[in-house]
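Fold and geometry: a report
Listed here are the chains, written in short residue letters.
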Amino acid sequence: MPSPSGLNQTLAQATRHIESQQWDKAERILRRALKAAPDDVGILSRLAAVQARLGNYRRAMDSINAAIKRDPDNIESLTTRVDILARQARIGDAIESTNGIIQRFPDNAGLLAMRSGLLLHAGESNAAWDDMNRAIQLDPDNLDLLGRFVDTTIARGIVPMDHGPADRLVKAQPFEARNHARLGTVLRINDDLPGAEAAYREALRLDPRNTDSLAGLADVMESAGQSSEALDVLRPTIESDRSPLNPMLSWTRILSRLGRHDELVRDARRWIERSGLTTGQLAPLLFRIGNALDALGRHDEAFEAWTAGNTPFHDRWNDRVHAERTDAIIAEFTSPQPHGPSSDATTPIFIVGMFRSGTTLLEQVLATHPAVHAVGESPALPAIIRSLSGTYPGNIRELDPAALRKLGQTYLERISVDAADASHVTDKLPMNYMNVGLIDRMLPQARILHCRRDALDVCLSCYSNQMTSTLAFTSNLESMGRTYVQYRRLMDHWSNAGYEVLDVVYEDLVGNPEAQSRRIVEWTGLDWDPACLDYHRSKRIAQTPSMDQVRQPMHTRSIHRSRAYWDHLAPLRAALGDLTPDRAP
């Protein structure tokens, strides 16, 4: 058996190989060290991590399980096991494992940050933000955690974003280009284009190779109408052999806006060939390619690209669970409650419906009204529901009217932070169509607008745009059809039970904008304002896949777009059943 000093020398040698990413050499050295100290948990954990790097996941799991068996409370070993699961793309298992660790160590900021990253990878941006928010509360001076909190805030996409954390990073580390880039992105999303441009340019001054800043600057320029100049900024990076994904996404978005679809497809496909990225990582670009091919009328190729982009989430939706929840909601909310006049100064306007049904367009129309503040797709109501004890919706019957009104006040406080003197605030989270009954009990003064659109058109639009894992039904034609059937069933229930909801038919809105816009504005209790017809001139940035469409005047080009894909959509049509519209409208 080697002496302690000899073992230390062996481990130091292994460390050098790990630092130089010579994983096979590191594994051999660590195996030698393990023979000398077979019960050393640290050696077992390091060996497992190296084996995972080599792709030897079975051996890695054997090694890490041996380490945990020897010391069940060793956080390094426990987190290494999570990392091994994540490297195998077993994100759900990794999250479940992390949940168990956090139950034992609830105040460990590093563990919360780890779970946040996993949740973000799974598309659970709101839950990821909650974890990072808790992490920085536990360790407020940790600038690395603060940076990750800003990144998670950006990924969550809730507008407006608090730029305070990004400002703090810049002040604490003024020579870090990445921090200026983060600030630039927050300001860009908040529609402060001059501030964003200044932040991005400072980041590029500090590090001309910071491609996130380059992409952000190009997006700012394009938003300001400088599309050609934006392409010139990106071109040297795009034409290099090592262009990252973000500049390519900016490049293709600008080409799409300019109608240069052939170039988009050519450049994106060429980039993919040399990228070495997985299908999951390439998904945003695959959807861009599909939509460009669709614009070119190359429908078979377009559908193939969309299907490839949807692959990562194809089997992640549980139709049975969703149907059971719809049953429970219908059983719980049988009729609207009687209400007296509301004393609240703010009227919330909920814009609900299927995703891609025109909710963003309707929000933009209302957002240009001087008395309206738009918060985008607010997580406020789902967060309130998650905060309740018990299982929704059965737990609602335990709340008396006063408690429900208190929840309504909490909701209003969260969405009105930046509303200034606006009398109305819009919340366009489409899935709030499941919460109409609760909205009625919490916020009797609320107005609810329901966006409706041709079933095949809306489902194809979902399938052709990247959604998150929480909306995984959009990645599977059969699940999407079944989810649409449940959506229509629930909306029919609200209507038949007497809940006040105004239907806004997408095809009617784009076909007769002024008459429909006047009808909508009047129903919300506002006086008509001609600005509502100039929504496309607004510099407000919509944080949805419709962000480019709503910068154009209303048009009817998307109506019945799905009919070109009639045969491709056979599984969807079968799932829709009687709700399938005619092939020839």
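A brief report on the enclosed structure follows. As the structure is a computational prediction, the values presented were derived from the model and not from experiment.

Below, the discussion takes up the pairing of strand β3 (residues 424-427). Burial of β3 is two-sided: the residues H424 and T426 facing one way and the residues V425 and D427 facing the other way are all buried. Sheet topology note: the strand β1 (residues 347-353)/β3 ladder contains four bridges and is parallel. In the sheet register, P348 faces β3, and the bridge partner there is V425. Bridge analysis of strand β2 (residues 372-374) against β3 gives three bridges, and the strand direction is parallel. Pairing of H373 across the sheet is with V425, part of β3.

Ranked by size, the top nonpolar core spans 152 residues in total, and within it F350, Y411, L438 and M442 carry the most contacts. A total of eight residues in this core trace back to one element, the largest contributor, which is helix α17 (residues 279-295). With sequence-adjacent residues up to four places away left out, M442 is seen in contact with L381, I384, L404, R405, L407, G408 and Y411. Among the nonpolar cores identified, the runner-up in size contains 19 residues, and I351, L361, L362 and V372 belong to it.

If you trace the five strands from one edge of the open sheet to the other, you get β2-β3-β1-β4-β5, paired in parallel fashion. Two strands lie at the open edges of the sheet, namely β2 and β5 (502-505), each paired on one side alone. Shown here is a sheet whose adjacent strand axes are inclined to one another by a mean of 25°, direction ignored. Relative to strand β4 (residues 447-452), β1 runs parallel, the two sharing five bridges. If you follow I351 over to β4, its bridge partner there is L449. On top of the sheet, helix α20 (residues 359-367) reaches β1, β2, β3, β4 and β5; it is set at about 155° to β1, its chief contact. Contacts from helix α27 (residues 513-523) reach β4 and β5, with the element oriented near 160° to β5.

Thresholds, definitions, all that
- Residues numbered from 1 in each chain as written.
- Predicted model: local features only at pLDDT ≥ 70, side-chain atom pairs only at ≥ 80, totals over all residues.
- Heavy atoms only, no water.
- Buried < 20%, exposed > 50% of the residue type's maximum accessible area, 1.4 Å probe, protein only.
- Helix = DSSP H or I, 4+ residues; strand = E, 2+ residues; numbered from the N terminus.
- Pairing = 2+ DSSP bridges.
- Core = buried A, V, L, I, M, F, W, Y, C linked by side-chain atoms within 4.5 Å.
- Contact = heavy atoms within 4.5 Å.
- Axes fitted to C-alpha atoms, helices over the stretch in contact; angles between N-to-C directions.

Functional significance is not addressed by these values, which are geometric in nature.
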